[in-house]
Amino acid sequence: MIEAISAFWAEYGDILLDGLADTAVMVSVSTVFAYVLGLPLGVLLVTTRADGITPHRWLNRVVGWIINIGRSIPFLILMVAIMDFTDLIVGTKIGVKGAIVPLVVSAAPFIARMVETSLTEVDAGVVEAAQSMGATPWQIIRKVYLPEAKPSLVLGASISIVTILAYTAIAGAVGAGGLGDLAIRYGYNRKVDSMLWTTVVLIVVLVQVIQSIFSWLSRKLDKRLR
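Quick caveat, the model's predicted, so the values are computed rather than measured.

Caption draft 1: Summary view of the overall build of the chain. When its secondary structure is counted, the chain shows 10 helices and 0 strands. When the helices and strands of the chain are placed in sequence order, the string is α-α-α-α-α-α-α-α-α-α. For the chain, buried positions account for 41% of its 226 residues. Restricting the contact set of the chain to residue pairs at least 6 apart, pairs at least 24 apart contribute 70%. As presented, the chain carries roughly 12600 Å² of accessible surface, and 67% of it is formed by carbon and sulfur atoms. Averaging the coordinates of the 18 positive side-chain charges in the chain and doing the same for the 16 negative ones gives two points 9 Å apart.

Caption draft 2: Here's a closer look at the side chain of Thr47. Here Thr47 shows up in helix H1 (residues 2-47). On the accessibility criterion, Thr47 (5% relative accessible area) is buried. Every residue in contact with Thr47, bar those within four places of it in the chain, is listed here: Gly52, Ile53, Thr54, Pro55 and Ile141.

Caption draft 3: Here's a closer look at the packing of aromatic side chains. All chains considered together, the criterion is met by 1 aromatic pair. Taking 4.8 Å as the distance between ring centres and 5° as the angle between the ring planes, the aromatic pair formed by Phe75 and Tyr167 counts as stacked. With Phe75 in helix H3 (residues 75-81) and Tyr167 in helix H8 (residues 150-171), this pair connects stretches of sequence that are 92 residues apart. Directly above the ring of Trp58 sits Arg61, whose terminal nitrogen or CZ lies 5.0 Å from the centroid. The ring of Tyr186 is capped by Arg190, whose NZ or CZ atom sits 4.4 Å from the centre of that ring.

Caption draft 4: View of helix H9 (residues 178-189). Compared with an ideal rise of 1.5 Å per residue, which puts 12 residues at 16 Å, H9 spans 16 Å between its outermost C-alpha atoms and is within 8% of the ideal. Taken residue by residue, H9 has Gly178, Leu179, Gly180, Asp181, Leu182, Ala183, Tyr186 and Gly187 as its buried positions. Looking at the packing, one finds that the buried side of H9 touches H1, H8 and helix H10 (193-221).

Caption draft 5: Looking closely at the nonpolar core. Counting 31 residues, the largest nonpolar core has Ala99, Leu103, Leu119, Val127, Ile140 and Tyr145 as its most contacted members. Only H1, H3, helix H5 (95-120), helix H6 (124-132), helix H7 (137-148) and H8 provide two or more residues apiece to this core. Ranked by residues supplied to this core, first place goes to H8 with 7 residues. Contacts of Tyr145, omitting those with residues within four sequence positions, involve Val46, Ile53, Leu119, Val122, Val127 and Ile140. The next biggest cluster of nonpolar side chains, apart from the first, holds 8 residues, and it includes Tyr12, Leu179, Tyr186 and Met195.

Caption draft 6: Region of the structure containing the packing of helix H4 (residues 83-90) against H5. Contact pair H4 / H5: the axes reach a minimum separation of 9 Å and the direction vectors enclose 115°. At the point where H4 passes H5, the crossing takes the right-handed sense. Listed contacts from H5 to Phe85, Thr86, Ile89 and Val90 of H4 are Lys97, Gly98, Val101 and Pro102. Partitioned by chemical class, the residues of the contact of H4 with H5 number 5 nonpolar, 2 polar and 1 charged.

Caption draft 7: Quick look at a nonpolar patch on the surface. Nonpolar side chains collect at one region of the surface, where Val62, Trp65, Ile66, Ile69, Ile73 and Ile77 lie side by side and expose about 580 Å² of accessible area between them. Examining the composition of the nonpolar patch, we find that 4 residues originate from one element, helix H2 (residues 57-72), more than from any other.

Caption draft 8: Highlighting the environment of Met79. When you line up the elements, Met79 lands in helix H3. Residue Met79 is classed as buried on the basis of its relative accessible area, which comes to 3%. Taking the C-alpha atoms as reference points, Met79 and Ile184, separated by 105 residues in sequence, lie 17 Å from one another.

Cut-offs applied
Residues numbered from 1 in each chain as written. Predicted model: local features only at pLDDT ≥ 70, side-chain atom pairs only at ≥ 80, totals over all residues. Heavy atoms only, no water. Helix = DSSP H or I, 4+ residues; strand = E, 2+ residues; numbered from the N terminus. Buried < 20%, exposed > 50% of the residue type's maximum accessible area, 1.4 Å probe, protein only. Contact = heavy atoms within 4.5 Å. Areas by Shrake-Rupley, 256 points an atom, 1.4 Å probe, with all protein chains shown as cover. Lys, Arg positive; Asp, Glu negative; His and termini not counted. Charge placed at Lys NZ, Arg CZ, Asp CG, Glu CD. Phe/Tyr/Trp six-rings, centres within 6.5 Å; stacked < 30°, edge-to-face > 60°. Lys NZ or Arg CZ within 6 Å of the ring centre and 35° of its normal. Expected span 1.5 Å × (residues − 1). Core = buried A, V, L, I, M, F, W, Y, C linked by side-chain atoms within 4.5 Å. Axes fitted to C-alpha atoms, helices over the stretch in contact; angles between N-to-C directions. Left-handed = near helix turned anticlockwise from the far one by under 90°. Nonpolar A, V, L, I, M, F, W, Y, C, P; charged D, E, K, R; others polar. Patch = residues over 30% accessible without salt bridge, like charges linked within 9 Å, V, L, I, M, F, W, Y side chains within 5 Å. Salt bridge = Lys/Arg side-chain N within 4 Å of Asp/Glu carboxyl O.

In structure tokens, the structure reads:
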């Protein structure tokens, strides 16, 4: 058994490390940019509701409509559909760079809804108290909504990151690189079962680590548990 593992690692170890690194880059960079887009959209959805701090019915409907369309398109179809746009932005349609643009476009609407859900859990009484003291909408967002929703936002971040990780595996099917690419190229096409199951195990471990870290962080930030 040990000899088999050693032989496998000697042959595929460097490839696996490269695939793991590519996956880490895709997930981390895509998450950052998806939150740059998704977080403001989620805040906008909450603040422009009829009972929000800056109600604007039509803006809320338009933003919600755009987000719903973005969430409705399967990632693989989206990735193929915007290849020309991806090439325009990053100069390539394939590889790690080529996967980041569709990952961001696909994840941002999902993150916006996660943020919206987290912010709607904030006690309305706290928001009303801030308004009665003359706080501006920006102050309420920065000092009430986001701090009060931190535990839920952190849990939402773990779900978002795991979702993006799953998308990277799908992207590997069309040459994006990472663990998904190794599973397809070696595990499926070349019938190397050990590579297929190793990539599955690595992805499962990554999911468990991400979920554990963010769950712990959420508990630390939750004032109700102190």
